[in-house]
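# Tertiary structure, described
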Amino acid sequence: MKLKLIGNKAFYLSVLTIALPIMLQNAVTSFVGLLDNLMVGRLGTLPMSGVSVVNTLLNIFYLITYATINASGLFLAQYCGKEDHEGMANCFRIKIYTTIILLVIGLVVFGCFGRKLIALYLLNNSADVIDTTLVIALSYLKIMLVGLVPFVFYCCISFSLRETGETVLPMVASITAVIVNLVLNYCLIFGHFGFMALGSDGAAYATVVSRFVELFIVLFFMFLNRDKVHFLDGLLSRVSVPMDLLQNIIIKGGPLVLNEVFYAVGMAAVSQCYSYRGIDAVAAANITTTISNLSSVATIAMGNAIAIMVGQRLGAGEIEKAKEIDNQLIFFSFCLNILVGFVLYLLSPLIPQLYNTSDEIRMIARRMIVVLALYQPIMSLYISSYFTVRSGGNTMLTFVFDGFFTVLVSLPVAFTLSHFTGLGIVEIYLITLMADLIKAFLGIYLILKGGWAKNIINN
């Protein structure tokens, strides 16, 4: 098949219809996350670092939750393309069951071992710095655990809506929630409008309230448009799920979940390696990670567009059309991220100045943001490839070049450089990220081979 990288006007309109709401939703969420981070950063280096450590740990739970939901989502998207409402409902039912199990595990792990996990990121600092940061982080964590309840149920619903092509409703819910979060942050962190100044705890309370708001909005509007939400058809008529479907989801989705476990734990361990350079490195990495969350919204939105558009074509049996659409989406994402990287480079001297921290931390953060700018196009290639191969059900392959790669390549690189060399945090960050070039080239190779494009619901 001839490689066609440029689509027509109708193609880009369909891409924007799906990707733009997701992009806008993620952009608003990440931007408010940036403002949240800046507000906590105004409290000083230690509160900013304590909150950063907790969010690094919670991110493990978030990523595993996303993967567990997406395991069923692979099938829900293709059932949608086939217009099989019963199959969609069964997939959604499985999502609910599995995320409840995850929620219980997460609450137990963080509730029992939170102190020990946080302490791993506070090495090579004075006793006063460790004790103060640990108190701040533990208090923040206890409040954030409440927010995991609405988080898991919102993810089940919003991901399912996206997989059926409905991206506007989750966008509206998330934008409303982040506005609530932003307003409450301003009130609760600093004590404005008669509220008590709660510091970093105020940021946690604001996040928890916004997550309940987000869940309520999506539930309310979803049931108002009940006739359009087909994955709810017959949902309450039974509690069981077809064993053959569950088995297929475990077979196809199991590696996806395992991938995210390896990736999430691996990246948390990489962050722990960065923290080996002291509290300045933790603070600078926190600033860079916050900017990375904002700069990656286009890449993630395009990845979701690939999962939806390509997955539905595969479910409809249009294999060659799925390949053509995928090539065009990957190229579009790559070009978009070159632009994002250029803008990020231009802003790199300005962003660290927004934080109430030392000049040394600002300088380190600026250099790390420049590295992040160079990394953007590389990230777009391997993430697009990941979503592509996953849409065809080859989740074991995605595990090998994503989660497996993180643990066997990225983590050893970061560990070796941080423990056995005198390199600074910026150089360690650069070399660790550039290792992802291997994933990018491997991903493109897999795409060009074409064996990923399969219909999994009829196999």
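Small disclaimer: the values here were computed from a predicted structure and weren't measured.

What counts and how
- Residues numbered from 1 in each chain as written.
- Predicted model: local features only at pLDDT ≥ 70, side-chain atom pairs only at ≥ 80, totals over all residues.
- Heavy atoms only, no water.
- Helix = DSSP H or I, 4+ residues; strand = E, 2+ residues; numbered from the N terminus.
- Rg over C-alpha atoms; globule rule 2.2 N^0.38 Å.
- Contact = heavy atoms within 4.5 Å.
- Areas by Shrake-Rupley, 256 points an atom, 1.4 Å probe, with all protein chains shown as cover.
- Phe/Tyr/Trp six-rings, centres within 6.5 Å; stacked < 30°, edge-to-face > 60°.
- Buried < 20%, exposed > 50% of the residue type's maximum accessible area, 1.4 Å probe, protein only.
- pLDDT = per-residue confidence, 0-100.
- Expected span 1.5 Å × (residues − 1).
- Bend = angle between axes of the 7 residues up to and from the residue.
- Salt bridge = Lys/Arg side-chain N within 4 Å of Asp/Glu carboxyl O.
- Core = buried A, V, L, I, M, F, W, Y, C linked by side-chain atoms within 4.5 Å.
- Patch = residues over 30% accessible without salt bridge, like charges linked within 9 Å, V, L, I, M, F, W, Y side chains within 5 Å.
- Polar contact = N/O pair within 3.5 Å; in protein donor to acceptor, adjacent residues only side chain to side chain.
- Arc of directions from axis to C-beta.
- Axes fitted to C-alpha atoms, helices over the stretch in contact; angles between N-to-C directions.
- Parallel < 35°, antiparallel > 145°, perpendicular 65-115°, else oblique.
- Left-handed = near helix turned anticlockwise from the far one by under 90°.
- Nonpolar A, V, L, I, M, F, W, Y, C, P; charged D, E, K, R; others polar.

### A look at the overall build of the protein chain
Helix and strand counts for the protein chain stand at 16 helices and zero strands. Since a compact globule built from 459 residues should have a radius of gyration of about 23 Å, the 22 Å found for the protein chain is in line with a globular shape. With respect to the principal axes defined by its C-alpha atoms, the protein chain has extents near 60 × 45 × 40 Å. Partitioning the contacts of the protein chain with sequence separation of at least 6, the portion at a separation of at least 24 is 82%. Accessible surface for the protein chain amounts to roughly 19000 Å². Of this, 70% is attributable to carbon and sulfur atoms.

### Examining the packing of aromatic side chains
Tallying each qualifying case throughout the model produces ten aromatic pairs. On the basis of an interplanar angle of 50° and a centroid distance of 6.3 Å, the ring pair of F61 and F151 is categorised as tilted. Highlighted residues: F61 in helix α2 (residues 45-82) and F151 in helix α5 (residues 148-163), separated in sequence by 90 residues. Across the pair, exposure class does not vary: F61 and F151 are buried alike. Considering the side-chain rings of Y62 and F151, the 4.8 Å spacing of their centres and the 50° angle between planes classify their relative orientation as tilted.

### Examining unusual backbone geometry
With a phi close to 55°, F193 is a non-glycine residue in the positive phi region. Residue placement: F193 occurs in the loop between α6 (168-190) and α7 (200-224).

### A closer look at the confidence of the model for the protein chain
Do not read the predicted coordinates in detail wherever pLDDT is low. Averaged over all residues, the pLDDT of the protein chain is 83; the fraction at 70 or higher stands at 92%. When mean pLDDT is taken per element in the protein chain, helix α15 (residues 425-434) scores highest with 94 and helix α13 (residues 395-401) scores lowest with 70.

### Describing helix α14 (residues 403-420)
The end-to-end C-alpha distance of α14 is 24 Å, a good match for the 26 Å that 18 residues give at a rise of 1.5 Å each. Of all the bends found along α14, the most pronounced is centred on L411 and spans about 30°, while P412, a proline, follows it within four residues. For α14, every residue scored as buried is listed here: G403, F405, T406, S410, L411, A414, L417 and S418.

### Some thoughts on the pattern of salt bridges
Under the definition given, this model contains three salt bridges. With a shortest N-O distance of 2.8 Å, D359 and R362 are connected by a salt bridge. Of this pair, D359 and R362 are both found in helix α12 (residues 359-391), three residues apart, which corresponds to roughly one turn of the helix. Judged by relative accessible area, which is 60%, D359 ranks as exposed. The class for R362 is buried, based on a relative accessible area of 15%.

### Considerations on the environment of Y12
One can find Y12 in helix α1 (residues 9-41). With 320 residues separating them in the primary sequence, Y12 and F332 have C-alpha atoms 9.3 Å apart.

### Things to note about the nonpolar core
The biggest cluster of nonpolar side chains holds 133 residues, and the ones touching the most others in it are L58, F61, I118, V218, F231, L329 and M368. Top contributing element to this core by residue count: α2, with 19 residues. Other than its neighbours up to four places away in sequence, I118 contacts V53, V54, L57, L134, A137, L138 and L141.

### What about a nonpolar patch on the surface?
A contiguous nonpolar surface patch, about 690 Å² in accessible area, is contributed by L339, F342, V343, Y345, L346, L347 and L350. On the secondary structure map, Y345 appears in helix α11 (residues 319-347). A relative accessible area of 46% places Y345 in the partly exposed class.

### Some remarks on the side chain of T388
Along the polypeptide, T388 turns up in helix α12. The class for T388 is buried, based on a relative accessible area of 0%. Within the structure, the side chain of T388 is placed 2.5 Å from the side chain of D326, a separation counted as a polar contact.

### Remarks on α15
Those residues of α15 that fall on the buried side of the exposure criterion are I425, V426, I428, Y429, T432 and L433. Looking straight down α15, one finds its buried side chains confined to an arc of 160°; they lie on one side. Summarising the contacts, the buried residues of α15 are in contact with α8 (243-275), α9 (279-295), α12, α14 and α16 (437-449).

### Digging into the packing of helix α3 (residues 85-119) against helix α4 (residues 127-146)
Put simply, α3 and α4 touch, their axes get as near as 10 Å, and they point 165° apart. In terms of orientation, α3 lies roughly antiparallel with respect to α4. Here the hand of the crossing between α3 and α4 comes out right-handed. Contacts from L107, F110, G111, G114, R115, I118 and A119 of α3 reach α4 at L134, A137, L138, L141 and L145. Looking at the contact of α3 with α4 residue by residue, the class counts come to nine nonpolar, two polar and one charged.

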